[in-house]
Amino acid sequence: MRQIPVETSGATVMVAKAPQPKVRDRRTGEIAIDADGVKLMTVDVMFAANNEVEILSITVPEPGISSDLAMGTPVALTGLIARPWENEFNGQKRHGIAFRAVAVTSLAATGSASEAA
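Cut-offs and rules
- Residues numbered from 1 in each chain as written.
- Predicted model: local features only at pLDDT ≥ 70, side-chain atom pairs only at ≥ 80, totals over all residues.
- Heavy atoms only, no water.
- Buried < 20%, exposed > 50% of the residue type's maximum accessible area, 1.4 Å probe, protein only.
- Helix = DSSP H or I, 4+ residues; strand = E, 2+ residues; numbered from the N terminus.
- Pairing = 2+ DSSP bridges.
- Contact = heavy atoms within 4.5 Å.
- Core = buried A, V, L, I, M, F, W, Y, C linked by side-chain atoms within 4.5 Å.

Novice: Please set out the pairing of strand E5 (residues 40–49) residue by residue, giving values where relevant.
Specialist: Remark: a regular strand shows side chains that alternate across the two faces of the sheet. Taking burial as the measure, the 10 residues of E5 include eight buried ones, the bulk of the element. Here E5 runs beside strand E6 (residues 52–61); their pairing, made up of 10 bridges, is antiparallel. Bridging from a neighbouring strand, Phe47 pairs with Glu54 of E6. Between E5 and E6, which follow one another and run antiparallel, lie two residues, and Asn50 among them has a positive phi close to 55 degrees.

Written out as structure tokens, the structure reads:
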């Protein structure tokens with residue numbers, strides 16, 4: 001499946017919704033895991049670039065998430081990729097773009113440390 005790297009250096013990224021476990025099956029409540037058996041999380045972020053703002057839901061392995069990601073926290077996205085998808089359910093075709101990152105790291109501590117210096 002095609003993966004497209006996403007450049008984030010010119011973007012402002014902030015947490016829009018705190019990390020939540022990624023649900024694999026809504027009917028059973030099963031939590032998604034990756035091929036290595038690591039629990040996956042979803043983090044919604046506000047991604048602002050080129051005078052446009054979008055809310056993106058990003059899938060991240062649980063170990064790649066900073067512990068201090070509250071709403072409004074500025075973050076860095078490590079290894080962000082976009083992956084186009086398409087499926088058919090009950091005769092209806094659906095498509096979209098899924099986003100995945102290696103890590104979502106708070107920049108709040110970095111900012112306050114540089115202000116204190």
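Novice: Give a detailed account of unusual backbone geometry, specifying residues and quantitative values.
Specialist: We note that Asn51 has phi near 60 degrees; this positive angle belongs to a residue other than glycine. Of note, Asn51 is situated in the loop between E5 and E6. Accessibility expressed as a relative area gives 85% for Asn51, which makes it exposed. Positive phi is not limited to glycine here, since Asn90 has a value of about 55 degrees. Positionally, Asn90 belongs in the loop between strand E8 (81–89) and strand E9 (92–100).

Novice: Talk me through the side chain of Asp44; I want residue IDs and the actual numbers.
Specialist: Assignment of secondary structure puts Asp44 in strand E5. When sequence neighbours within four positions are dropped, the list of residues in contact with Asp44 reads Met14, Val15, Ala16, Lys17, Ile55, Leu56 and Ser57.

Novice: Go over the sheet that holds E9 with me, naming the residues and quoting the values.
Specialist: Taking strand neighbours across the sheet as the criterion, the six strands line up as E1-E8-E9-E6-E5-E2 in an open arrangement whose pairing is mixed. Strand pairing shows two members of the sheet lacking a second neighbour, strand E1 (4–5) and strand E2 (12–21), which therefore form its edges.

Novice: If you had to explain the nonpolar core to someone new, which residues and values would you point to?
Specialist: Of all hydrophobic cores here, the largest spans 19 residues; its most connected members are Val13, Val45, Phe47, Ile58, Val75, Leu77 and Leu80. Of all the elements in the fold, those that place two or more residues in this core are E2, E5, E6 and strand E7 (75–78). Beyond its immediate stretch of four places on either side in the chain, Leu77 contacts Thr8, Val13, Phe47, Ile58, Ala103 and Val104.

Everything listed here is a matter of geometry and, on its own, says nothing about what the molecule does.
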